[in-house]
Amino acid sequence: SRSRSVPFIIPPTLHGQDWINLTNEEQVQEESDPYMIPQSGPRSSFHSLAGSYIVGTVNPDLYKFPEDKSETDFPEGNIGRLWFSIEYEHESERLLVSLIKVRKLQPPADSCSPFVKIYLLPDERSYLQSTTKCKTLNPQFDENFVFQVSSKMLFQRTLKFLVYHVDKQKKHHLLGQVIFPLKNETLTDDNKLVIWRDLEKENLEPPSEYGDIQFSLSYNDYLGRLTVVVLRARGLKLQEENHAVSVYVEVTVMNRNKVIKRKMTAAVLGSPNPVYNETFSFKVDQTELDTASLSLSVLQSAKGEKTLLLGRVVVGPFMYTRGKELEHWNEMISKSKELIKRWHALCHS
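- An unreviewed UniProt entry lists the protein under the name Synaptotagmin-15, with Dryobates pubescens as the source organism.
- According to its UniProt record, the protein has this under Sequence similarities (unreviewed entry): "Belongs to the synaptotagmin family."

What follows is the structure in structure tokens.
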């Protein structure tokens, strides 16, 4: 139903004022003694406004705060949602992380006593840990954590939140994780960002021989557009593990073994588990889906040294691929406009 509008009026006490026309058709009052009209009758009665000029109405719906659906809209299969905030102090070079809350956890048992470990990748040896909240699926933390990191290295770093449940035998069960790269954020002393992310299940399988890469595929048949989201890699066999080594992903679309387009992610320094979260779009006609293929190559480069191939994966139709790579391609085509996310093992062939 349409909301009732509220009248916008000029009170009777202002009727005696002199008004001056301005050039932009606005008006302003001249200073003069107010012309007072005795107030009679109940103030709450609309009839007490007799003699007022109604100049328009106000629609209350225009002044409502937008509804926060992050607390209510959970997609099917959701295993929990985490809220946090980040702020960076440039003078002291401190990253301030506030763990706010987690909602709708899915524990392995009836009761749940959750806590959170927070990492600043690529350092996976040290972490900060929250307190444990007993017997709740919706823990409220409101805890603050500080990471010391230089402004030069800040945007190479990634926050990682691991949410655990502690059972009665004091064993820890991983419920889900959130990976949040800092490279695309604007962090200033006066800019505290409040963020929420849905938990993801961690890939607990050991890395393959040359490592693995995770990416999403989507095809829009109406626009003839192939979208690739390069998410992250893990278990890479770097020649040297130091900050002078950079790792990036080269994404190539081919048609009948001819290169159509090639794009590259930004480089991540010194990590065998780099996080990218970069999106690329390619023009691929629907008639080419049976002859086109997509290659993702993970490359290592260091100043003054030759670029090395760490591993590659090719996804595409039956002409080029089998197994998981073929399944990923076919599912992308069958679920138009939907992002299909998968892990793939890297190889050198």
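### Considering unusual backbone geometry
Move 1: Residue P122 is bonded to the preceding L121 through a cis peptide linkage, with omega at 15 degrees.
Move 2: As for its placement among the helices and strands, P122 is situated in the loop between β7 (114-121) and β8 (123-129).
Move 3: Positive phi, normally seen in glycine, also occurs at K170, with a value near 65 degrees.
Move 4: Of note, K170 is situated in the loop between β10 (158-166) and β11 (172-181).
Move 5: Overall, the relative accessible area of 65% leaves K170 in the exposed class.
Move 6: Phi at N277 is positive, roughly 55 degrees, even though this residue is not glycine.
Move 7: Assignment of secondary structure puts N277 in strand β18 (residues 275-283).

### Thoughts on the pattern of salt bridges
Move 1: Taken as a whole and assessed by the stated rule, the structure comprises 12 salt bridges.
Move 2: With a closest N to O distance of 2.4 Å, E331 and R342 form a salt bridge. Remark: R342 occurs in strand β21 (residues 340-345) and E331 occurs in helix α2 (residues 323-334); sequence separation between them is 11 residues.
Move 3: For R342, a relative accessible area of 33% corresponds to the partly exposed category.
Move 4: Each of the salt bridges in this network shares a partner with another, and the network as a whole consists of E200, R232 and K341.

Cut-off values and rules
- Throughout this document, residue positions are counted from 1 along each chain, in the order its sequence is written.
- Residues qualify for local features only when their pLDDT is at least 70, as the model is predicted, and side-chain atom pairs are given and counted only at 80 or more; totals for whole chains, interfaces and linings, by contrast, use all residues.
- Values reported for side chains reflect all heavy atoms of the structure, with hydrogen atoms and water molecules removed beforehand.
- UniProt positions are given in the numbering used here, feature names are shortened, and annotations may be inferred rather than shown by experiment.
- Helix and strand assignments follow DSSP, with helices taken as H or I runs no shorter than four residues and strands as E runs no shorter than two, numbered in order from the N terminus.
- Partly exposed residues are those whose accessible area sits between 20% and 50% of the maximum for their type, while under 20% is buried and over 50% is exposed, using a 1.4 Å probe and protein chains only.
- The term salt bridge refers to a pairing of a side-chain nitrogen on Lys or Arg with a carboxyl oxygen on Asp or Glu at a separation within 4 Å.

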